[in-house]
Amino acid sequence: STLFPYTTLFRSLAEMRAVVAHHTSKLGPDHPDRLGAVTNLASMLHDAGELHEARDLLDATVPALSKVLGPSSPAALLARNHLARVIGALGERTQ
């Protein structure tokens, strides 16, 4: 079925949202594992075409990762890369 990839993606999104919720409740909002899970969720949202939600998540996650792990950390750089991809997909111009 041509719906299979979309069905799988949306089920995966539900699972990733559950992971983020679990990490938030058990580890706190600024824990690196929770922030990494949010980055993964935002990437999946990008793939699903949910660009505005992905942008909102990454706008909060990039500064948090930079604060917790440093702006040059691999996790912060990966999140910035995802943010750049989402901005590009939205057709926004940055300075």
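Everything below is about the structure shown above.
Residues numbered from 1 in each chain as written. Predicted model: local features only at pLDDT ≥ 70, side-chain atom pairs only at ≥ 80, totals over all residues. Heavy atoms only, no water.

A. Quick peek at the overall build of the chain. Each helix and strand in the chain was counted, giving four helices and zero strands. Reading the helices (α) and strands (β) of the chain from amino to carboxyl end gives α-α-α-α. Going through the 95 residues of the chain one by one, you find that 37% of them count as buried. Long-range pairs, those at least 24 residues apart, make up 55% of the contacts in the chain with a sequence separation of at least 6. (Helix = DSSP H or I, 4+ residues; strand = E, 2+ residues; numbered from the N terminus. Buried < 20%, exposed > 50% of the residue type's maximum accessible area, 1.4 Å probe, protein only. Contact = heavy atoms within 4.5 Å.)

B. Layout of the pattern of salt bridges. For the structure shown, the criterion picks out three salt bridges. Of the charged contacts in the structure, one is a salt bridge between D47 and R85, with a shortest N-O distance of 3.9 Å. Of this pair, D47 sits in helix α2 (residues 32-47) while R85 sits in helix α4 (residues 74-90), placing them 38 residues apart in sequence. The exposed category is assigned to D47, whose relative accessible area is 53%. Classification of R85 by relative accessible area gives partly exposed; the value is 35%. In this structure, R55 and D59 form a salt bridge, with 3.1 Å as the shortest nitrogen-oxygen distance. Of this pair, R55 and D59 both sit in helix α3 (residues 51-69), separated by four residues, roughly a single helical turn. (Salt bridge = Lys/Arg side-chain N within 4 Å of Asp/Glu carboxyl O.)

C. Structural view of the nonpolar core. By size, the foremost hydrophobic cluster in this structure holds 22 residues, and its most contacted members are L13, L41 and L58. Going through the elements one at a time, α1 (4-27), α2, α3 and α4 are the ones with two or more residues in this core. At seven residues, α2 tops the list of elements feeding residues into this core. If we ignore the near neighbours within four places in the chain, the residues touching L13 are L41, M44, L45 and A48. (Core = buried A, V, L, I, M, F, W, Y, C linked by side-chain atoms within 4.5 Å.)

D. Up close: the packing of α2 against α3. One can describe the packing of α2 onto α3 by two numbers: an axis separation of 9 Å at closest approach and a directional angle of 155 degrees. Taken together, the axis directions place α2 and α3 in an arrangement best described as roughly antiparallel. In terms of crossing hand, the pair formed by α2 and α3 is left-handed. Counted together, P32, L35, V38, T39, L41, A42, L45 and H46 of α2 and L51, E53, A54, L57, L58, T61, A64, L65, V68 and L69 of α3 form the full contact between these two elements. Residues that form the contact of α2 with α3 fall into these classes: 14 nonpolar, three polar and one charged. (Axes fitted to C-alpha atoms, helices over the stretch in contact; angles between N-to-C directions. Parallel < 35°, antiparallel > 145°, perpendicular 65-115°, else oblique. Left-handed = near helix turned anticlockwise from the far one by under 90°. Nonpolar A, V, L, I, M, F, W, Y, C, P; charged D, E, K, R; others polar.)

It is worth stressing that arrangement in space is one thing and function is another; only the former is reported here.
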